[in-house]
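Residues per chain, in single letters:
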Amino acid sequence: MAPELVVTPGGYRPSEMVHKIGADLRLRILTGRLQGVDASDSPVADYGSVPRDGQNPAMTPGYALPPGAETPEGSELAPSLGRGWIAFAHWTNEGTEHVSSFRSTWTVPPEPASRSGQTIFLFSAMQDTIPMTLLPALQWGPSAAGGGEYWSVASWYVGGTTGAVFHGELVPVSVGDELTGVIRLAGRQRAHCDYRSGFEEFPDADLPVFHVRDLSRCGVVMAAYGIKQCSDYPDANAMGFRNIELMTGFRHPALTWSPVNTITDCGQHVFILSDANPGGQVDVHFRELQETPAVEPVAAEAAPEITAAQPFAAALEPELEPVAAATGSTEESEAAAIEAAPEPEPVVEEVPEAIEPEPIVAVAEEAAPEITEAEPSQEPVVAQAAEVAPEEAPEPLAPAEPDMVAAMARALEPAAAGAETETPSLRLQVTESAAPVPSLEVHPRIDRLVEITI
């Protein structure tokens, strides 16, 4: 009878080769055998010899079944979707100092949109050259540690591709929870090291291992088993391993993560967003990103011929040409086109707001009884006043003689004679100017001069 196979982050194993290490036990390697010891360091369980898989490369990706084992019922592959380590990124420590800490943060992604009995693992990991792998893992679905159609976390120690597998307590978590997975070097004795793997938020899920070989290979991994369709992956585009921090001794070495994508049918892959240490990030993508078609601006459809930079007169040119062709006369066609074209609304903001006509009328009304005949010699004063800018405040002037006031009144006569103001009592009686100014309008410059003089 074939042994019952159960799924682990390192592939399928016979159920009798998977062991739970509770809070009262510690795992150690002694004289080439895996043992469970109590608090007094006395062996209480023997789990067999350490596997010798030294030919496997770093972060071995593809193993899933022990040699000669059949695929468990209900976990048959859909065409090309694969199983095992689907995508991962790894880095190997080649320095003399051991890796003393490896930590990263990730967020529990949404649940899968479909249920096919699948199991998904998302974890950071450290390996030796056998490879024995220590890892804190987030899992969806059932595994040798338990679980079901929900997210949970546990720490694992996987014995190569064929050896025994160990796990700690399984703790349920929720979508959106922040997880910080940490593997720490707890001690070292000659060539042997003590490590502790777990999550900062869930200390009950810790797993300590003692007297094991130096774990010099580090990585972040997505493993999956029983995937039958792309919707069996989490219902999100990607998940990021963020704030990656790796220390050798008391320093942060330079990192260069190497991506490996073994199964890509749904667009699964890893993307190295940053090699920084600390603060690096490696994203695991569950599917390809769908491109969103660009939407053209509505303004471009409403007015394709007239743009903001086009002058108003230039916008009317296409209308002027047909009119000129119909009349045959350039002057008449231009006059007809201008008369037919709608007058543009006045631009209010171009008129200075500070100039109002009402104070000018009031000043002129008060000055009217004192206006007398002026001499022509005072006309240069009007020309000088015209050079004053509307925005500039005029300098104080000396009191004007009656003859000067009369000269200014003659300059205002053409506009004042034809204009009706709101004050009917205003009447300017002036004599004929010796040098009349043609078509002179009431200008803000003149108004200011009258107001100051009076």
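Residues numbered from 1 in each chain as written. Predicted model: local features only at pLDDT ≥ 70, side-chain atom pairs only at ≥ 80, totals over all residues. Heavy atoms only, no water.

### Overview of the overall build of the chain
The test is simple: We count a stretch as a helix when DSSP gives it H or I for four or more residues in a row; a strand needs E for two or more, and each element gets its number in order from the N terminus. Relative accessible area decides the class of each residue, using a 1.4 Å probe on protein chains only: under 20% of the type maximum gives buried, over 50% gives exposed, and in between gives partly exposed. Per-residue and other accessible areas follow the Shrake-Rupley method at a 1.4 Å probe size, with only the shown protein chains counted as cover for residues.
When its secondary structure is counted, the chain shows seven helices and 21 strands. Looking at the chain as a whole, 43% of its 454 residues are labelled buried. Looking at the chain as shown, the accessible area adds up to about 24400 Å², and 53% of this sits on carbon and sulfur atoms.

### With respect to the nonpolar core
The condition that has to hold: Side-chain atoms within 4.5 Å are what join buried Ala, Val, Leu, Ile, Met, Phe, Trp, Tyr and Cys residues into a set we call a nonpolar core. Residue contacts are defined here by distance: any two heavy atoms, one from each residue, within 4.5 Å place the two residues in contact.
Formed by 59 residues in total, the largest nonpolar core has its most connected members in Leu34, Leu122, Leu138, Tyr157, Tyr195, Tyr233 and Trp257. Ignoring anything within four residues of it in the chain, the contact list for Tyr157 reads Leu27, Ile29, Leu34, Met132, Thr133, Leu134, Ala164, Val165, Phe166, Leu207, Val209 and Val212. If you look at the next biggest cluster of nonpolar residues, it comprises 23 residues, including Leu5, Val7, Ala125 and Val221.

### Re the confidence of the model for the chain
Selection criterion: In predicted models, pLDDT denotes the confidence assigned by the predictor to each residue on a 0 to 100 scale.
For the chain, the mean per-residue pLDDT works out to 74, and 58% of the residues sit at or above 70. Taken as a whole, residues 298–331 scores under 50 in pLDDT and shows 15 contacts with residues more than four places along the chain or in a different chain. Between residues 414–454, whose pLDDT stays under 50, and residues either more than four places distant or in other chains, the model counts 64 contacts.

### Topic: the packing of aromatic side chains
Note the threshold: We call Phe, Tyr and Trp rings a pair once their centres come within 6.5 Å, taking the six-membered ring for Trp, and we label the pair stacked below 30 degrees between planes, edge-to-face above 60, and tilted otherwise.
Throughout the structure, instances matching the rule amount to 11 aromatic pairs. Both rings, one in Tyr47 and one in Phe166, keep their centres 4.9 Å apart while their planes meet at 70 degrees; by these two values the pair is edge-to-face. Pair noted here: Tyr47 is in strand β6 (residues 43–49) and Phe166 is in strand β12 (residues 165–167), with a separation of 119 residues, a long-range link. Note on accessibility: Tyr47 and Phe166 belong to one class, buried. When the ring of Trp106 is compared with that of Phe199, the centres are 5.8 Å apart and the planes differ by 70 degrees; the resulting orientation is edge-to-face. A residue pair is termed long-range when its members are at least 10 positions apart, and Trp106 in strand β8 (residues 99–107) and Phe199 in strand β15 (residues 192–199) qualify at 93 residues. Overall, the relative accessible area of 0% leaves Trp106 in the buried class. Look at Phe199 and you get buried, because its relative accessible area is 2%.

### Comments concerning unusual backbone geometry
Of the consecutive residues Ile130 and Pro131, the connecting peptide bond is found in the cis state with omega at 15 degrees. Note that Pro131 resides in the loop between β9 (119–127) and β10 (132–140). In this chain, Asn277 is followed by Pro278 through a cis amide linkage whose omega measures 0 degrees. By the secondary structure assignment, Pro278 is in the loop between β20 (269–274) and β21 (280–285). Phi at Asp41 takes a positive value of approximately 70 degrees, unusual for a residue other than glycine. Here Asp41 is to be found in the loop between β5 (33–37) and β6. Despite not being glycine, Asn243 has its phi angle at roughly 50 degrees, a positive value. Within the secondary structure, Asn243 is located in strand β18 (residues 238–248). Judged by relative accessible area, which is 49%, Asn243 ranks as partly exposed.

### Some points on the sheet that holds strand β16 (residues 202–212)
Basically, it comes down to this: For two strands to be treated as a pair, DSSP must find no fewer than two bridges joining them. Axes, fitted as lines to C-alpha atoms, cover a helix only where it is in contact. Angles between the N-to-C directions of the axes lie from 0 to 180 degrees.
Taken together, 10 strands build an open sheet; the order of strands is β6-β5-β4-β16-β15-β14-β8-β18-β21-β20 and the sheet is mixed. Two strands in the sheet have a free side with no partner beyond their single neighbour: β6 and β20. On average, each strand axis in the sheet is inclined to that of its neighbour by 20 degrees, with strand direction left out of account. Note that β15 and β16 share five bridges and pair antiparallel. Paired with Ser197 across the strands is Leu207, a residue of β16.

### Regarding the pairing of strand β7 (residues 84–92)
With respect to burial, β7 is a largely interior element, eight of its nine residues being buried. Relative to strand β17 (residues 217–225), β7 runs antiparallel, the two being bridged by eight bridges. Counted as the bridge partner of His90 is Gly219 from β17. In the sheet, β7 pairs with strand β19 (residues 258–261) via four bridges, with the strands oriented antiparallel. Considered in β19, the bridge of Ala87 is made with Asn261.

### Quick notes on the side chain of Thr180
Inspection of the secondary structure puts Thr180 in strand β14 (residues 178–189). Discounting residues that sit within four places of it in the chain, Thr180 has contacts with Arg103, Ser104, Thr105, Gly198, Phe199, Glu200 and Glu201.

### Let's talk about the pattern of salt bridges
The condition is simple: Think of a salt bridge as a Lys or Arg side-chain nitrogen and an Asp or Glu carboxyl oxygen that are within 4 Å of each other.
Applying the stated rule across the entire model yields 10 salt bridges. As a salt-bridge pair, Glu111 and Arg115 come within 3.0 Å of each other at their nearest N and O atoms. A relative accessible area of 34% places Glu111 in the partly exposed class. In this structure, Glu149 and Arg115 form a salt bridge, with 3.6 Å as the shortest nitrogen-oxygen distance.

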